[in-house]
Amino acid sequence: MNDNKMATIKSLEPYCRNALWAVLLSTLCGCASLPDLKGLRHGSAQRQQQERLSDFRSASQRRADQAIKKLRIDGEVNLLTRHLTYVEAVNGPPLVAGNTARLLVDGPATFDAMFAAIQRARDHVNLESYIIDDGVIGQRLADLLIVKRAQGVDVNIIYDSVGSISTPPEFFDRLRANRIKVCEFNPVNPLKGRKWRINNRDHRKILIVDGETAFTGGINISGVYSTGSFGSKSKRKKADMNKGWRDTHVQIDGPAVAEFQRLFVDTWAKQCGAAVTERNYFPHVSTTDDKVVSITSSSPDDSLNLTYVILLSAIAHAEKSIYLTMAYFVPDPQTIETLKASAQRGVDVKLILPGFSDFALVFHAGRSYYSDLLAAGVKIFEHREALLHAKTAVIDGVWSTVGSTNMDWRSFLHNDEVNAIILGEEFANEMQRMFDHDLAESVAIEREKWESRSPGLKMKEWGARLWQYWL
């Protein structure tokens, strides 16, 4: 066997190891499936209700109705009309008006905003995160939470057992010793959990302060976010896998925070049984701005994954542009077909995907779809200046989402996830500027050049795609 063939085989060894894990998971867990959304763009529910928006019941929802009408173009059945009608037909989450939405780019800006909000806490702090590590950021957070608890602020933490598996138990023991309540989501140790489901992970990132302010997005409590991702290309000789990750978060102030609070309380009840000691969890929150926000969540316990349905509906009903930034991209057939159909009817579809990843199997599985997408007119760009971990979308310059949900089977079927959807041109313009900045840091994938890539890369893509359901 020659050296080139041997090198190719050795490069595939990690995929074989991951395949063994996939087989183990498939043995331990049943196979869930995604909802069939055939006829999404011209479904019967939409044809019956095409010209009307929801008859919102609560006062907040009536305000949302009025705000949405202002966003519509008179006489035009546009994205918001079509999409929101469809979301109503599947009993989607409520639209809540009167919020402030602040876009947070990368770790330093996000942690500064989060820690400032915790400093102001008077009643409670509820934190839910996939990863909470014990590095500089984690220790800084722990110190602050211990101080706030000593001041009488109630503090509750949910962390994922797999995501935080490298964090020493002593880190959480210290928090408990200071009267902070800590809940471990689906413990790896089957003797510790209420219902052992190793493949169901809590991938959410939620911080709620006093029931008035909430944060969500892709950023974990981790040292990889200790520095920002943007910098001079001449100074950044090589992207660092261990710091400066490119990610996005959002701060929400206003009535929509109650939706995050309900998610947190429900998760705590399912995972740790005893209810958290409720303080003033659902205060009367005055409107702070004019942003219309919807909080969409998903879990393997749900009968219908609304996050998946809502995202595909927004893509299917787009008229002008679809700009997605996705850290982990292993799409199912319906997602692929919806993206292709949008591009083929003239919508400008652009994807910013990682140029390298902390999870090689996912990286190559995602690349296995490039040829099909490029042939349909979808434009693909790889971000190579920093490790990309963001999960965002801006569609038609009016519909935006920031959250924890990747465009992969794991997010849609196996994880607990959460996203904030913000309607309106002002926030979408911010998202567009951020997308353009990321685009400038990315490299376009050219179809002809892509098709001439090496056989070794094609083999990796083929092998990785075999396990897409578990990625």
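Okay, so let's go over this structure.

Looking now at the pattern of salt bridges. Applying the stated criterion across every chain, the model contains 25 salt bridges. For the salt bridge of Asp 290 with Lys 291, the shortest nitrogen-to-oxygen distance reads 3.6 Å. One salt bridge in this structure joins Asp 348 and Lys 350, with 3.7 Å as the shortest N-O distance. Taken as a pair, Asp 348 and Lys 350 share a single burial class, namely buried. One network of salt bridges, in which partners are shared, links Asp 289, Asp 290, Lys 291 and Glu 426.

Here the focus is the pairing of strand E15 (residues 399-403). Among the 5 residues of E15, 5 are classified as buried, and the element is accordingly described as predominantly covered. Along E15, one buried face is formed by Trp 399, Thr 401 and Gly 403 and the opposite face, lined by Ser 400 and Val 402, is buried too. Bridge count for strand E14 (residues 391-395) against E15 is 4 bridges, and the pairing is antiparallel. Within E15, the position partnered with Ala 393 by the bridge is Thr 401.

Quick look at the environment of Asp 438 now. Relative to the elements of secondary structure, Asp 438 occurs in helix H15 (residues 425-440). For Asp 438, a relative accessible area of 1% puts it in the buried group. For the pair Asp 438 and Arg 384, spaced 54 residues apart in the sequence, the C-alpha separation amounts to 9.8 Å. Look past the residues within four positions of Asp 438 in its chain and what remains in contact with it is Phe 230, Arg 246, Ile 352 and His 383.

The first and last C-alpha atoms of helix H11 (residues 333-344) sit 16 Å apart over 12 residues, in line with the 16 Å expected at 1.5 Å per residue. Of all the residues in H11, the buried ones are Thr 335, Ile 336, Thr 338, Leu 339, Lys 340, Ser 342 and Ala 343. The inward-facing, buried residues of H11 contact helix H10 (306-316), strand E10 (321-326), strand E11 (329-330), strand E12 (348-354), helix H13 (370-375) and strand E16 (407-408). Capping the start of H11 is the job of one residue whose side-chain oxygen sits 3.1 Å from the backbone nitrogen of Gln 334: Asp 332. Gly 346, located one to two residues past H11, shows a positive phi value of around 100°.

At Asp 210, a residue that is not glycine, the phi angle is positive and equals roughly 60°. By the secondary structure assignment, Asp 210 is in the loop between strand E6 (205-209) and strand E7 (213-217). The phi torsion at Asp 396 lies on the positive side, around 55°, for a residue other than glycine. The residue Asp 396 is located in the loop between E14 and E15 in this model. Judged by relative accessible area, Asp 396 falls into the buried class, the value being 15%.

Rules and cut-offs
Residues numbered from 1 in each chain as written. Predicted model: local features only at pLDDT ≥ 70, side-chain atom pairs only at ≥ 80, totals over all residues. Heavy atoms only, no water. Salt bridge = Lys/Arg side-chain N within 4 Å of Asp/Glu carboxyl O. Buried < 20%, exposed > 50% of the residue type's maximum accessible area, 1.4 Å probe, protein only. Helix = DSSP H or I, 4+ residues; strand = E, 2+ residues; numbered from the N terminus. Pairing = 2+ DSSP bridges. Contact = heavy atoms within 4.5 Å. Expected span 1.5 Å × (residues − 1). Polar contact = N/O pair within 3.5 Å; in protein donor to acceptor, adjacent residues only side chain to side chain.

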